[in-house]
Amino acid sequence: MNRFFNPDNPVFSFLGKLLDCIILNALWFVTSLPVFTIGSSTSALYYCTLKLSRESGSSVIGEFFHSFKTNLKSGAKLSVILIPCGIAIALAGRFYMRALLPLPLVALGCGLCLLFAVIYLIEILYVFPLLARFENTTAAMLKNAFVVGIRFPLCTVMMAVIHIAIFYIGYKYFFPIFFLGEGFCAFLCSYLLKPVFALLEAGSLHEEKEL
């Protein structure tokens, strides 16, 4: 019994990390409510899950708010840019799907919307983990997010699948999984991002933050 409750026990360690994911998901949700802070809260979430994926134990609450305050301004800038872009892409896609236009124009419009939607997805998958891990300007962060997403397509697809699968399972079969929500998604994605960031750290694209 004592061996089971040992912090080094894999099962006990995994359960502890699941609890951390629940806490982080709640913190992420609450701090995202002002909307313009969603970039800062998502960056703080990845700051903590990247640490969890490295097996480094610490207070997730303290670490979350430390990163949230550090990246508040940069995260807000990204939110102000990305939220309107996402709304615009969604509205444009809806317009072309319902528009009474010649078929070639509809096909062209839908094709462009799909292209921009893929670019947007790559941006939101990578820009906040990059903000959590590296120092850079907003413009460079957006550029690098796209470059990294294209350079590592398997990681990009798997990160997208993780988010879609968690949402689908929660919506269709097991609603309580939403208590893990984005916290668990970020935690799983952090394991995929570890080798990617290791390669980036070996280069000179960014100035690395201390984790």
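To keep things clear, this report deals only with the structure shown in the data block. (Residues numbered from 1 in each chain as written. Predicted model: local features only at pLDDT ≥ 70, side-chain atom pairs only at ≥ 80, totals over all residues. Heavy atoms only, no water.)

### Let's talk about the overall build of the chain
Moving on, step 1. Counting secondary structure elements, the chain contains 8 helices and 2 strands.
Moving on, step 2. When the helices and strands of the chain are read in sequence order from the N terminus, they spell out α-α-α-α-α-β-α-α-α-β.
Moving on, step 3. In the chain, which comprises 211 residues, the share counted as buried stands at 43%.
Moving on, step 4. Looking at the chain alone, contacts between residues at least 24 apart form 73% of all its contacts between residues at least 6 apart.
Moving on, step 5. Carbon together with sulfur atoms contributes 74% to the accessible area of the chain, which is approximately 12100 Å² in total. (Helix = DSSP H or I, 4+ residues; strand = E, 2+ residues; numbered from the N terminus. Buried < 20%, exposed > 50% of the residue type's maximum accessible area, 1.4 Å probe, protein only. Contact = heavy atoms within 4.5 Å. Areas by Shrake-Rupley, 256 points an atom, 1.4 Å probe, with all protein chains shown as cover.)

### Overview of the packing of aromatic side chains
Moving on, step 1. Per the counting criterion, the structure on display carries 7 aromatic pairs.
Moving on, step 2. Ring plane angle 10 degrees and centroid distance 6.4 Å describe the contact between Phe-64 and Phe-68, whose orientation is recorded as stacked. Placement of the pair is Phe-64 and Phe-68 together in helix α3 (residues 60–70), with a separation of 4 residues, close to one helical turn.
Moving on, step 3. On the accessibility criterion, Phe-68 (13% relative accessible area) is buried.
Moving on, step 4. For the pair Tyr-168 and Tyr-173, a centre-to-centre distance of 5.9 Å together with 70 degrees between the ring planes defines the contact as edge-to-face.
Moving on, step 5. The class for Tyr-168 is partly exposed, based on a relative accessible area of 43%.
Moving on, step 6. By the ring-pair criterion, three or more aromatic residues cluster together here, those being Phe-64, Phe-65 and Phe-68. (Phe/Tyr/Trp six-rings, centres within 6.5 Å; stacked < 30°, edge-to-face > 60°.)

### Here's the deal with a nonpolar patch on the surface
Moving on, step 1. A contiguous nonpolar surface patch, about 660 Å² in accessible area, is contributed by Phe-95, Leu-101, Leu-105, Leu-108, Leu-112, Leu-115 and Phe-116.
Moving on, step 2. Here Leu-112 is to be found in helix α5 (residues 103–133).
Moving on, step 3. The class for Leu-112 is partly exposed, based on a relative accessible area of 41%. (Patch = residues over 30% accessible without salt bridge, like charges linked within 9 Å, V, L, I, M, F, W, Y side chains within 5 Å. Salt bridge = Lys/Arg side-chain N within 4 Å of Asp/Glu carboxyl O.)

### What to know about the side chain of Thr-42
Moving on, step 1. Mapping Thr-42 onto the fold places it in helix α2 (residues 38–53).
Moving on, step 2. Owing to a relative accessible area of 9%, Thr-42 belongs among the buried residues under this scheme.
Moving on, step 3. A polar side-chain atom of Thr-42 sits 2.7 Å from the main-chain carbonyl oxygen of Ile-38.
Moving on, step 4. Apart from the residues within four sequence positions on either side, Thr-42 is in contact with Trp-28 and Phe-128. (Polar contact = N/O pair within 3.5 Å; in protein donor to acceptor, adjacent residues only side chain to side chain.)

### Here we look at the nonpolar core
Moving on, step 1. In terms of nonpolar packing, the biggest core is built from 48 residues, with Tyr-126, Val-127, Leu-130, Cys-155, Met-159, Leu-193 and Phe-197 touching the most fellow members.
Moving on, step 2. Every element with two or more residues in this core is listed here: α1 (10–32), α2, α3, α4 (72–98), α5, α6 (138–151), α7 (153–172) and α8 (181–202).
Moving on, step 3. Considering every element that reaches this core, the biggest residue donor is α8, with 10 residues.
Moving on, step 4. Apart from the residues within four sequence positions on either side, Leu-193 is in contact with Tyr-46, Leu-50, Tyr-126, Pro-129, Cys-155 and Met-159. (Core = buried A, V, L, I, M, F, W, Y, C linked by side-chain atoms within 4.5 Å.)

### Re the environment of Ile-166
Moving on, step 1. By secondary structure assignment, the location of Ile-166 is in helix α7.
Moving on, step 2. The class of Ile-166 is buried, set by a relative accessible area of 9%.
Moving on, step 3. Beyond its immediate chain neighbours, meaning those up to four positions away, Ile-166 contacts Ile-177, Gly-181, Phe-184 and Cys-185.

### Remarks on the packing of α2 against α3
Moving on, step 1. Between α2 and α3, whose axes approach to 8 Å, the crossing angle comes to 135 degrees. Here α3 runs oblique to α2, going by the angle between their axes. The interaxial crossing formed by α2 with α3 has right-handed handedness. Judged by residue contacts, Ser-40, Ser-41, Ser-43, Ala-44, Leu-45, Tyr-47, Cys-48, Lys-51 and Leu-52 of α2 engage Val-60, Glu-63, Phe-64, His-66, Ser-67 and Phe-68 from α3.
Moving on, step 2. The residue inventory of the contact of α2 with α3, partitioned by class, reads 8 nonpolar, 5 polar and 2 charged. (Axes fitted to C-alpha atoms, helices over the stretch in contact; angles between N-to-C directions. Parallel < 35°, antiparallel > 145°, perpendicular 65-115°, else oblique. Left-handed = near helix turned anticlockwise from the far one by under 90°. Nonpolar A, V, L, I, M, F, W, Y, C, P; charged D, E, K, R; others polar.)

Just distances and angles here, no functional claims.
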